[in-house]
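# Structural overview
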Amino acid sequence: MTDQLRFGVLGPLTVWARGRPHTPGGAGQANLLGALLLANGTPVSGSRLAEWLWDGDPPEQERKTLQVAVSRLRGWLRGIGADVAVDLAEGGYVLRLPPRGSDIAEFSALVEANPPGESYLDQLDRLERALRLWRGPLLAGLTAPMHAAPAALAVERARVEAATTLARIAIRCGEPKRAVPLLETLADERVYDEHVHACLALTYSADDDQVSALRTIDRARTRLVEDLGVSPGQALRDAHAQILSSQQGPMRERQRWWGPRPRSGQLIGRATEQEALALELEEHRLVTVTGPGGCGKTSLAMNVAEHADWPDGTAIAELAPLQDGNAIILALGSLLGVTGDGVHGVFAGLVSWVGDRRLLLLLDNCEHLAEPSAALVERLLAWCPRLTVLATARQPLGLPAERVFALGPLAAPASGRFDADNPAIVLFRARAGTALPSGPEAEADVATVCHHLDGLPLALELAAARVPSLGLRQLRERLEGGLDLLTRAAGEPRHRTMEHAVGWSFRLLTEQKQRLLARLSVFRGEFGLIDVESVCGGAPLDGLDFAARLADLVERSLVQALPGQRYRLLTVVREFAEARLAEYDETVLVRDRHAQRWTLRARELDALPSYRDRLAGVRAMGREVADLDSALAHLQKRGRNAQSNELVAKLFEFWHVHGSYIANGQAQLDRALRTVWDSDPEVRTLLRFQEAQLARLREDYVSAVSIMASARRELAAHRPREHRVALIFEMSCLRFLLDPAAVHGTPRMLEQIASLDSGSGDDVATSLTAGGGVYATWGRYPEAAELCRRYEVHRVQRGLRISTAQLALRTEVSLGHKDIQTAEGWCEQLAERLGPTGGPLEQEPARRAIGTTLLAKDPAGAVEFLDDSVRQLRRLFPRSLSRVVRLQSLSAEALRRTGQPLRAREVLSDALASAIGRSHFRFGMAAALEAALVAAELADPAAKTLAAAWDGVRTRLGLPAPIGVADVVRDVLGIDPAPSTPQFLPWPEPELREVVHQAYLWTVGLGP
């Protein structure tokens, strides 16, 4: 707490004064203060206070005793430094507080506010601030029976109404997670409030957490029946029905908005343009809003997009920070969660994702990338027949299908001629607010200012922000004096006016603020206060209060404030500030600091012991890709390869997590490997480790094992953490390759990991799961079960959460032991892990385990589940094509069992096409065996040839028939499904590839 005096009743009664919290010493004093605070500035009668203080048993001299109690309360307040008055007014006693001096007053002001033009996101922020004021139940701990008072009941109702309104808005904005914690707290306090629990359940459901939604309904129903003996009311019943209804349909995305939301509320002076642009979008698939910089193209387009009800949602892509055409595709991929191999792969994923969706795509600020933007839009419109594109640029894209919507400045008045209805004047007055003087002279000055700025909205807003500091008359005089800091005379006049506006706004800053704004121009995207302090410090800004200066720049509309105490510069401001930085001759100096800031961030992230924490760290950097690219480009241009390589090595997970940018990461890694000897041994070793990880990401397991094995000794010497990962990595890759070396090496791997355990226990748990997977692949289910048992003991000892991979392994082991009932139990837990979270390494095993279990009892249900799983994984992870091969081969087996062998052959053809050329033989060989089974179902003589080829290789490798078909290969193909002892080494890679290739040729009618 600060030194500011503040009273709190939304929770335990507390007074904050002189930087410390205080609570009244006795129950009577606390009850008296609580009653006065609850009244929120309204007098409370002596009889009511007496009733609460003495609970119907007043002392003999009630009035005098109450006066003494009030006097003691005054003394206590003075003693803690709370300079407030407790007065006897008409109607009773009243506590005089400054406006919003208590949390109940602050809460009431926030929930009752109704600012004009407030957007949904602004309303969401306001209600969130209000509800976070609650620290617990109202007046928690007080003994007086004032909780049933009308004022107490009213504020409780306001809290519930605010929470339920917050939930509705959060769901509408596509951000239900923001409402969940506040609703959970409220539900814990109001255990019998059906409306609160129904609202919480619906919010869980909107966040795709159906399990929590149904559990909430069930818990509320149980409490009502068992504690109160009443049946659930209509609110709970309606919520339950709605949640069940949402589960019955196919899996679908609930998200309706991707990208930033407009925060400006209602646009001033643009009602006609809003209506006209909305009509254009209904009639044309490509509309480009053109106009000069600062005329409000973005604001208009964002506002129209927010109010449009597009059936499949709206996506907003900001192109201003991007540098080239490829970056547009990658940014769209990141925005929509689409990945792919390189730019072409991401584009293919985008086309697949959009498909026939009726989606509105807004491409904002296309002017600097006009040609690549036009090329991309043309291709998207051709491939996606129901897509509509809304673009903003200073000039048209030049496409035949384009509808140009020219937007000019607001109509400006003649100099000195005031018109209250003039749009430019309305906007200026609204932004200047109460700082604007009144009277005929002031009105003439307003008209003159708006005339000089030609009605350009951004210039008007910048000018209005100066009124409080300069005054209206001085502002007008400076503008009339031609205060222009830019020397460029070319270009259209209105464009020069915008530069004029930014220039004089810059000129009005102090020297320190000018220098700070110039240095901020090195940030290409979002930044925080710590970034500013690290990058923008140094003479002459030593000792500067950056938080205060940033706040001032935000107030002056030169810096944008974003949620979470983040900031960014508008493009026009950043470009202007970059020029000033060059004039200061500080471009290299500040970019050096910017690169050093990223280096320190990389080191801090790398130092985190927990993988989960490191993953969370790189995920939080998602909107800073432009800054990372900028830092690397600067270092590479300056020839500082050691620092650049360290950044790449320690932040490679950033590109991995943000899958659309993996092509950028690969290019950076390739460059770092070319200059690897400029780095120290630790970074050199880490780069080799990342090279192996990238090879595995490309599903080139042969190269991955080779690279990792060559780096193992250096990893042990310089990177113990990655050395432990490398040991597990090699066993997993060998398993994917079906190399028997995995079986032989697993015991030693487990021993090494146990001896090298870092203390977190994560590596041991991962190694036990990996080792169990190896044993299960070779049909050694007792050994795999033993490792599962050891995992459980270790997990309980360390308090770890059971992993999805471990659940999938336990399902496979249960199926290997023909224990379907136990497998179904594990699948119930796996079903809760399905969804868009996690990567293919987590999602595919879970879906495969569930599909294999379904296959044993319900082949038709397995077909439906597996086909849906293939669609989901291809949409979420298009780079990992062979990850769906095993799902498709299981689907083919389910189709075979339901009498659909021709369709099974088609599914297998697609699966084996993905497996050819890749080294994930664990899945490719399973699909090859399935081809033999389907061929036999079709009475095709090729079945015998395909089965013999598969059996010849798998026998030498000692493999069993895969889980899911082990029970049928003997009956259909006459093959013993049991594993055997490996007959020879080395590992037969050519034979494995030939088996997969031969099976593929059969599916397309070309052999064998």
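The coordinates are above.
Scope of this entry: the structure provided in the associated data block.

Reading the values: rules and limits
- Residues numbered from 1 in each chain as written.
- Predicted model: local features only at pLDDT ≥ 70, side-chain atom pairs only at ≥ 80, totals over all residues.
- Heavy atoms only, no water.
- Helix = DSSP H or I, 4+ residues; strand = E, 2+ residues; numbered from the N terminus.
- Core = buried A, V, L, I, M, F, W, Y, C linked by side-chain atoms within 4.5 Å.
- Buried < 20%, exposed > 50% of the residue type's maximum accessible area, 1.4 Å probe, protein only.
- Pairing = 2+ DSSP bridges.
- Phe/Tyr/Trp six-rings, centres within 6.5 Å; stacked < 30°, edge-to-face > 60°.
- Lys NZ or Arg CZ within 6 Å of the ring centre and 35° of its normal.
- 1 Å grid on protein atoms, 1.4 Å probe; cavity = no way out; pocket = protein on both sides within 12 Å on 5 of 7 lines; lining within 4 Å.
- Points joined across faces, edges and corners; volume = space filled by probe spheres on them.
- Nonpolar A, V, L, I, M, F, W, Y, C, P; charged D, E, K, R; others polar.
- Contact = heavy atoms within 4.5 Å.

The amide bond that connects Ala539 to the next residue, Pro540, takes the cis arrangement and shows omega of 5 degrees. By the secondary structure assignment, Pro540 is in the loop between α23 (529–535) and α24 (546–555). Even without being a glycine, Asn40 presents a positive backbone phi close to 55 degrees. Looking at the secondary structure, you find Asn40 in the loop between α1 (27–39) and α2 (46–54).

Turning our attention to the nonpolar core. Leu332, Leu363 and Trp655 are the most contacted members of the largest nonpolar core, which has 170 residues in total. Counting residues per element, this core draws most heavily on helix α44 (residues 921–937), at 11 residues. Core analysis: the next-biggest nonpolar cluster, separate from the first, contains 71 residues, Leu33, Ala35, Leu73 and Ala213 among them.

The strand order across the open sheet built from 3 strands is β12-β14-β13, with neighbouring strands paired in antiparallel fashion. Among the strands making up the open sheet, the edge pair consists of β12 (527–528) and β13 (560–562). Of the pairings in the sheet, the one linking β13 to strand β14 (residues 566–568) comprises 3 bridges and is antiparallel in character. Bridging across to β14, Ala561 finds its partner in Tyr567.

Time to look at the packing of aromatic side chains. For the structure on display, the rule yields 9 aromatic pairs. Cluster of aromatic residues (ring-pair linked, three or more members): Phe523, Phe527 and Tyr567. Seen from the ring of Trp353, Arg357 lies directly overhead, with NZ or CZ sitting 4.0 Å from the centre. A cation over an aromatic ring shows up here: Arg379 above the ring of Phe347, its NZ or CZ 3.8 Å from the ring centre.

Sheet architecture is open: 6 strands sit in the order β6-β8-β9-β10-β7-β11, paired in parallel fashion. Each of the sheet's edge strands pairs with one partner strand only, and the pair in question is β6 (257–258) and β11 (403–406). Of the strand pairs in this sheet, strand β8 (residues 314–318) and strand β9 (residues 360–364) are connected by 5 bridges, and their pairing is parallel. Bridged to Glu318 within β9 is Asp364.

With that settled, the discussion passes to the layout of surface pockets. In this structure, the second largest pocket spans a volume of roughly 420 Å³. Around the second largest pocket, the lining is made up of 23 residues, and of these Leu815, Lys818, Ile963, Ala966 and Asp967 lie nearest the centre. The dominant element in the lining of the second largest pocket, judged by the number of residues it contributes, is helix α46 (residues 966–973), at 5 residues. Its residues assigned to classes, the lining of the second largest pocket comprises 14 nonpolar, 4 polar and 5 charged.

This part takes up the environment of Ala30. Along the polypeptide, Ala30 turns up in helix α1. Of the residues examined, Ala30 reaches a relative accessible area of 10% and is grouped as buried. Spatially, the C-alpha atoms of Ala30 and Thr143 are 8.8 Å apart, while their sequence positions differ by 113 residues. Ignoring any residue separated from it by four or fewer positions in sequence, one finds Ala30 in contact with Leu13, Pro24 and Leu142.

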